[in-house]
Amino acid sequence: MSTPCSTTARPRHWRGLLSAGLLALFYALPWLRWDGRQALLLDINARRFDLFGWTLWPGDVGVLIGLLAVLAVSLALLTHLTGRLWCGYACPQTLWRGAFEGIARGLARWLPAVAVRPATQLAWGLLSLWTGITFVGLFSPIAELVAAAPHAGWSGWETFWVVFYAAATWGNAGFLREQVCRSLCPFARLQPLLTDPHTPRMLYDARRGEPRGPRPSGLGGVLGRGRSLLDPTTAQDYVFRATHPLLAGPMPTFSADRLGDCTDCAACVSVCPMQLDIRQGPQADCLACGACLEACARQQHQAGFGTGLLRYCSPQ
Ligand code: SF4
Ligand code: SF4
């Protein structure tokens, strides 16, 4: 089943709000109360799982496995129908990486250059530590955990997991970054099994965009100035030449009126968290985050061209 194309950029603040909301939910979750108890608590010492008023005991482990299976199947179905939207919008790696980048950008704006790096590392470290405490607070009552922190009153396993989770947060979001998605994440390796040719993905319209290149301002888009779309073979030939100049030889020089709508501004490449050039074709590492679509739509709007040079769409 193919889904309609998305050619318009989702406003950046919409994505930012979604990320902020999901992060706030994670940090608030252990503090929520239900009937006088922590609403969500997998209390390993007491061998009970509180889930918003519902209590699971060791004999209910089958229910817990069933719940996890439903979540896994839902994620697989979502990926099949919508592509990697989970990866691009809701995955913890995406959320914390975005938060780390936001902190670094914010501090760079307000602090003198010499203070930015240490302040960024300090802020990342504090956020990572609080993330570790929040995570362990899902397994050990959070109020007691926080109250015991100043007196070093944590048990051995609490200390280990707080430090481990804090280090994993800092390492994944601040150091490994896109390498987590590219090389470590098992879900990313499963994606080809969950998708088919109807699953939407980020696509570049080479027939309209090629040949790419800078041009004088005021030149209309290909549709507006009556240049027809290229045939698919010619369009792919230009993509290949632009991507592999050593193999294919130099690109011919085109007069401005023969250029396509891609101005070769590289905005789509510079915003890509995976450092991809989506003009080379659909790529397995693409997270479907839409950052390239936003950047290109802005650029195309400024140039006075129509939308849809990059689009999130089913190829068939
Ligand atoms: S190519 Fe890069 S920026 Fe574009 S959707 Fe994929 S991961 Fe995001
Ligand atoms: S942002 Fe759009 S116009 Fe700029 S290089 Fe990428 S595809 Fe071409």
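1. Points about the nonpolar core
Next up, step 1: Counting residues in each nonpolar core, the largest one holds 28 residues, and the members touching the most others are Met202, Tyr204, Met274, Cys292 and Leu310.
Next up, step 2: Where this core is concerned, the elements lending two or more residues are helix 9 (186-194), strand 6 (201-204), helix 11 (232-243), helix 14 (291-303) and strand 7 (310-313).
Next up, step 3: Once you skip the residues sitting within four places of it in the chain, Cys292 turns out to touch Met202, Cys268, Val271, Ile278 and Leu310.
Next up, step 4: Membership of the second largest hydrophobic core comes to 9 residues, among which are Phe26, Leu95, Ala99 and Ala173.

2. As for unusual backbone geometry
Next up, step 1: Residue Pro211 is bonded to the preceding Glu210 through a cis peptide linkage, with omega at -10°.
Next up, step 2: Turning to its location among the elements, Pro211 is positioned in the loop between helix 10 (206-209) and helix 11.
Next up, step 3: One non-glycine residue, Asp264, adopts positive backbone phi at about 60°.
Next up, step 4: Within the secondary structure, Asp264 is located in the loop between helix 12 (245-248) and helix 13 (267-270).
Next up, step 5: The exposure class of Asp264 is partly exposed, given its relative accessible area of 37%.

3. Side note on the side chain of Asp50
Next up, step 1: Its place among the elements puts Asp50 in strand 4 (residues 48-51).
Next up, step 2: Classification of Asp50 as buried rests on a relative accessible area of 5%.
Next up, step 3: Looking at Asp50, its side chain comes within polar contact range of the side chain of Arg37, at 3.0 Å.
Next up, step 4: At 2.7 Å, the side chain of Asp50 and the side chain of Arg48 are in polar contact.

4. Observations concerning the domain arrangement of the chain
In many reports, interface size means the accessible area that the parts give up when they come together.
Next up, step 1: The assigned domain composition of the chain is domain 1 (12-194) and domain 2 (201-313).
Next up, step 2: Taking the mean C-alpha position of each, domain 1 and domain 2 sit 37 Å from one another.
Next up, step 3: In this complex, domain 1 contributes 14 residues to the contact, which on the side of domain 2 involves 15 residues.
Next up, step 4: Of the roughly 1200 Å² buried between domain 1 and domain 2, counting both surfaces, carbon and sulfur atoms make up 40%.
Next up, step 5: On inspection of domain 1 and its partner domain 2, the count reaches 2 salt bridges.
Next up, step 6: One salt bridge connects Asp285 with Arg182, and the closest N-O pair in it is separated by 3.1 Å.
Next up, step 7: Our count for the contact surface shared by domain 1 and domain 2 stands at 10 residue pairs in polar contact (both at pLDDT 80 or more).

How each quantity is defined
- Residues numbered from 1 in each chain as written.
- Chains lettered and ligands numbered in written order.
- Predicted model: local features only at pLDDT ≥ 70, side-chain atom pairs only at ≥ 80, totals over all residues.
- Heavy atoms only, no water.
- Core = buried A, V, L, I, M, F, W, Y, C linked by side-chain atoms within 4.5 Å.
- Buried < 20%, exposed > 50% of the residue type's maximum accessible area, 1.4 Å probe, protein only.
- Helix = DSSP H or I, 4+ residues; strand = E, 2+ residues; numbered from the N terminus.
- Contact = heavy atoms within 4.5 Å.
- Polar contact = N/O pair within 3.5 Å; in protein donor to acceptor, adjacent residues only side chain to side chain.
- Domains from an automatic or database assignment.
- Buried area = accessible area lost by both parts, 1.4 Å probe.
- Salt bridge = Lys/Arg side-chain N within 4 Å of Asp/Glu carboxyl O.

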